[in-house]
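Descriptive structure summary
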Amino acid sequence: PLTLEEVRMLVELFYLPYHHGALAQELLEHFQWLRANSLSVGVPATAPDACGGTRWRGRAQSFQLLCARTCRLHSRFVSTAGRALLYDLHPYLWDIRNMLLAASAFVLWLGCQSITAPILLGRDAEPWVRRGGLFGELQALLPVGNSCDLFYHPPPLFPSSQLYLLRPLLPLDKLEHGGRSCSEVSQGLQAQLSHAPALPGRLLGSFLSLSPEYTFVLEDEGGPCGYAAGALHAEGFLQQRDSSWLPAIRHKYPPDLGAGGPALGQDALEEAVLFFHAEPLAVPQPVLRRFPSLVQLGTAPRVLDVGASRSLALCLLSALRANGSRGVFCQVSDADRQQLSFYSKLG
């Protein structure tokens, strides 16, 4: 059963209109302070206020621990609550869990920036977009503008106790810091997200090489199960991809490679090589002018909870918008029904 401390947390999340319990108030205060003081965090060697940066990181860690506790509470509640109570309270608790996954990843992203500290935009959404309660106040602190479709999803018919971790691609993921290299992260993600093995880089290679600072990873108990990747300035990103990244990949994987690799899976290998050697379609200039940023998202088939996918989209859009993006687009083949369905479910 739930412990007394967990019941107290639950009560504090379901408090009074226009008032919050101690846990919810602490979450909000941390997030407000972290957002307001994010300019004190930058590249550590050039941080204008090293002491302020240390304080910011300490408070960010406290916020992430609170988010993790609340996400664990959601999982425990689904596992232990009686059916009647579960179906009464789960929709709100599920919303809070999804919002805190995105908020925690966004704060972690702010703290590991190696680019210019983001310029956080003001509240520019229409008032009707905002919802009440703790969810609405957290929503107002994420710089996602009027992306209101992401906030209106019915909860799953069968609640899941699956725990998720959402985070940006961290410096620790890079080989020079003793962790995994970008290609290994890509390969691990692709093994989880694809039905058949494919060459590293087929899915995320260009983003990991040219725009790693806007890459987020979703993990469950089985490992990586989703990703969100973006490029702030799509036009420059696409030019660089076509002029330098693609030629290097084509040289590495020549067209005749698919003829001799049965160990990797003949069909998958041929498909990957064909993908690299196909000429990418040009993006029309009106699209680039109106939607200057490119995004790409995906989850493994085992991720049935649309809330986790929504959290992926929220943190990626927040990161792009925090650095000034005013619109995003994604490229999907009209034959790729799985991806079309995925983006449609996100709204």
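Below is a summary of the structure that appears in this document. Here the structure is a predicted model, which is why all the values come from computation and not from measurement.

Tallying secondary structure elements over the chain gives twelve helices and five strands in all. Across the 347 residues in the chain, those meeting the buried criterion constitute 48%. Long-range pairs, those at least 24 residues apart, make up 75% of the contacts in the chain between residues at least 6 apart in sequence. Summed over its atoms, the accessible surface of the chain is roughly 17,100 Å², and 59% of this surface lies on carbon and sulfur atoms.

The next thing to look at is the nonpolar core. One finds Phe 31, Phe 63, Trp 109, Leu 166, Phe 216 and Leu 297 to be the most contacted residues of the largest nonpolar core, which totals 66 residues. Per-element tally for this core: the top contributor is helix α4 (residues 83–111), with 13 residues. Shared between two domains, this core holds at least three residues of each, these being domain 1 (1–161) and domain 2 (166–346). The residues touching Phe 63, leaving out its near neighbours within four places in the chain, are Leu 27, His 30, Phe 31, Leu 34, Ala 103, Ser 104 and Val 107. Counting 15 residues, the second-largest nonpolar core is a separate cluster that includes Leu 169, Tyr 227, Ala 229 and Leu 238.

Before going further, it helps to examine the pattern of salt bridges. Considering all chains together, one arrives at seven salt bridges under this definition. As a salt-bridge pair, Arg 76 and Glu 6 come within 3.0 Å of each other at their nearest N and O atoms. Linking Arg 76 in helix α3 (residues 50–80) with Glu 6 in helix α1 (residues 4–13), this pair joins segments that are 70 residues apart in sequence. Overall, Arg 76 belongs to the partly exposed group, its relative accessible area being 29%.

What follows is about the pairing of strand β2 (residues 215–220). A large share of β2 lies buried, amounting to six of its six residues. Relative to β2, strand β1 (residues 165–168) runs antiparallel, the two sharing four bridges. Residue pairing for β2: Arg 167 is matched across the bridge by Val 217. As judged from the six bridges shared by β2 and strand β3 (residues 223–231), these two strands associate in the antiparallel manner. From the neighbouring strand, Phe 216 faces β3, where its bridge partner is Ala 228. Once β2 ends, the chain turns through two residues before running back antiparallel as β3.

Quick look at the packing of aromatic side chains now. Counted under the stated rule, the structure contains six aromatic pairs. Ring geometry for Phe 106 against Trp 109: centres 5.8 Å apart, planes inclined by 20 degrees, an arrangement best described as stacked. Residue Phe 106 and its partner Trp 109 are located together in helix α4, separated by three residues, close to a single helical turn. This pair shows no difference in class: Phe 106 is buried, exactly as Trp 109 is. An aromatic cluster is built from Phe 106, Trp 109 and Tyr 214, whose rings are joined through pairwise contacts.

Here we take up the sheet that holds β3. Taken in spatial order, the five strands make up an open sheet running β1-β2-β3-β4-β5, and their pairing is mixed. Each edge of the open sheet is held by one strand with a lone partner, namely β1 and β5 (328–329). Sheet topology places strand β4 (residues 293–299) next to β5; two bridges connect them, and they run parallel. Its bridge partner lying in β5, Leu 294 is registered against Phe 329. Here α4 sits on the sheet and contacts β1 and β2; the angle it forms with β1, its principal contact strand, is near 25 degrees. Here helix α11 (residues 306–322) sits on the sheet and contacts β1, β2, β3, β4 and β5; the angle it forms with β4, its principal contact strand, is near 160 degrees.

The next thing to look at is the packing of helix α2 (residues 22–36) against helix α5 (residues 133–141). Their axes nearest at 10 Å, the elements α2 and α5 cross at an angle of 10 degrees. Classified by the angle between their axes, α2 and α5 sit roughly parallel to one another. Residues Ala 24, Leu 28, Phe 31, Gln 32 and Arg 35 of α2 touch α5, and the partners they reach there are Leu 134, Glu 137, Leu 138, Ala 140 and Leu 141. Looking at the contact of α2 with α5, its residues break down into seven nonpolar, one polar and two charged.

What counts as what
Residues numbered from 1 in each chain as written. Predicted model: local features only at pLDDT ≥ 70, side-chain atom pairs only at ≥ 80, totals over all residues. Heavy atoms only, no water. Helix = DSSP H or I, 4+ residues; strand = E, 2+ residues; numbered from the N terminus. Buried < 20%, exposed > 50% of the residue type's maximum accessible area, 1.4 Å probe, protein only. Contact = heavy atoms within 4.5 Å. Areas by Shrake-Rupley, 256 points an atom, 1.4 Å probe, with all protein chains shown as cover. Core = buried A, V, L, I, M, F, W, Y, C linked by side-chain atoms within 4.5 Å. Domains from an automatic or database assignment. Salt bridge = Lys/Arg side-chain N within 4 Å of Asp/Glu carboxyl O. Pairing = 2+ DSSP bridges. Phe/Tyr/Trp six-rings, centres within 6.5 Å; stacked < 30°, edge-to-face > 60°. Axes fitted to C-alpha atoms, helices over the stretch in contact; angles between N-to-C directions. Parallel < 35°, antiparallel > 145°, perpendicular 65-115°, else oblique. Nonpolar A, V, L, I, M, F, W, Y, C, P; charged D, E, K, R; others polar.

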